[in-house]
Amino acid sequence: MMLRILPLSLAFLSLLLIAGCAEGPAEFAAPQQRVAVEQVRLDKEEARAMINRYRAEKGLGGLTISRQLTRAAQRHSADLARHDKISHAGSDGSDPWKRVQGSGYKARLAAENVGAGQRSLHEVFRGWQKSPGHNKNLLLADATQMGIALVTDPGTGYGTFWTLVLGTPM
């Protein structure tokens, strides 16, 4: 019986963590078009190093990159781009927990940050740090892994769609 309650409790905890990062898109819209959308790039190792430096400053352990969490992040960024929106809800009604599970990741903990319109990793990271809910996710003490993705589409209003997924396996 404990095993059935534990996953549900953890799923609920994760949804609470995710719910804290429901800031509106205006906070994450790029103030100016400094760089063409086609020129925006994501270096996953640079992202991991940047997040780990920030976590270390707060006395927290570093994260490793998970292929499964990266897959979940990539799929969500692609979905956001297809629908030109910023949301934690997928177009199929999925939530971050379901997307993480759908990637094959057996999570004990999962949380998601999204952003749209930022023209660099540094810009989206600063936005996440300034957002209480997103910052809380960056600083989850129990998180051990991450996946991050960027999808660009110059034909959309935002142009860039970022997703960071943090997790801890069972």
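Only a predicted model underlies this, so the values are computations on that prediction, with no experimental measurement involved.

**A closer look at the overall build of the protein**
Step number 1: Of regular secondary structure, the protein possesses 6 helices and 4 strands.
Step number 2: Of all 170 residues assigned to the protein, the portion counted as buried reaches 48%.
Step number 3: Counting contacts in the protein only where the partners sit at least 6 residues apart, residues at least 24 apart contribute 77% of the total.
Step number 4: Accessible surface for the protein amounts to roughly 8300 Å². Of this, 56% is attributable to carbon and sulfur atoms.

**What to know about the pairing of strand S3 (residues 145-152)**
Step number 1: Within S3, 7 of the 8 residues are buried, leaving the element largely enclosed by the surrounding structure.
Step number 2: Alignment of strand S1 (residues 64-65) against S3, held across 2 bridges, turns out to be parallel. Paired with Ile 65 across the strands is Met 146, a residue of S3.

**Digging into helix H5 (residues 121-130)**
Step number 1: Leu 121, Glu 123, Val 124, Phe 125, Gly 127 and Trp 128 are the residues of H5 that are buried.
Step number 2: Buried residues along H5 sit against helix H2 (44-57), strand S2 (107-116), helix H6 (132-138), S3 and strand S4 (160-169).

**Brief notes about the pattern of salt bridges**
As a working rule, side chains carrying opposite charge can pair if their charged atoms are close by.
Step number 1: Per the counting criterion, the structure on display carries 3 salt bridges.
Step number 2: The shortest N-O distance in the salt bridge between Glu 45 and Arg 48 comes to 2.9 Å. You can see Glu 45 and its partner Arg 48 sitting in helix H2, 3 residues apart, about one turn around the helix.
Step number 3: Take Arg 48: its relative accessible area is 25%, and that puts it in the partly exposed class.
Step number 4: Between Arg 99 and Glu 112 there is a salt bridge; the shortest N-O distance is 2.9 Å. Here Arg 99, found in helix H4 (residues 96-102), pairs with Glu 112, found in strand S2; they are 13 residues apart in sequence, far enough to count as distant.
Step number 5: For Arg 99, a relative accessible area of 12% puts it in the buried group.
Step number 6: The buried category is assigned to Glu 112, whose relative accessible area is 2%.

**Remarks on the side chain of Thr 168**
Step number 1: Locating Thr 168 in the fold gives a position in strand S4.
Step number 2: Every residue in contact with Thr 168, bar those within four places of it in the chain, is listed here: Tyr 105, Lys 106, Ala 107, Arg 108, Leu 109, Asp 142, Ala 143 and Thr 144.

**Remarks on unusual backbone geometry**
Step number 1: Residue Asp 84 is not a glycine yet carries a positive backbone phi of 45°.
Step number 2: Mapped onto the elements, Asp 84 comes out in the loop between helix H3 (67-83) and H4.
Step number 3: Among the residues examined, Asp 84 registers a relative accessible area of 30% and is labelled partly exposed.

**A few points about the side chain of Ser 103**
Step number 1: In this structure, Ser 103 sits in the loop between H4 and S2.
Step number 2: By relative accessible area, which is 4% here, Ser 103 ends up buried.
Step number 3: Reaching out from Ser 103, the side chain makes a polar contact with the backbone oxygen of Gln 68 at a distance of 3.2 Å.
Step number 4: If sequence neighbours within four positions are ignored, Ser 103 has contacts with Gln 68, Arg 71, Ala 72 and Arg 75.

Here is what the cut-offs are and how they apply
- Residues numbered from 1 in each chain as written.
- Predicted model: local features only at pLDDT ≥ 70, side-chain atom pairs only at ≥ 80, totals over all residues.
- Heavy atoms only, no water.
- Helix = DSSP H or I, 4+ residues; strand = E, 2+ residues; numbered from the N terminus.
- Buried < 20%, exposed > 50% of the residue type's maximum accessible area, 1.4 Å probe, protein only.
- Contact = heavy atoms within 4.5 Å.
- Areas by Shrake-Rupley, 256 points an atom, 1.4 Å probe, with all protein chains shown as cover.
- Pairing = 2+ DSSP bridges.
- Salt bridge = Lys/Arg side-chain N within 4 Å of Asp/Glu carboxyl O.
- Polar contact = N/O pair within 3.5 Å; in protein donor to acceptor, adjacent residues only side chain to side chain.

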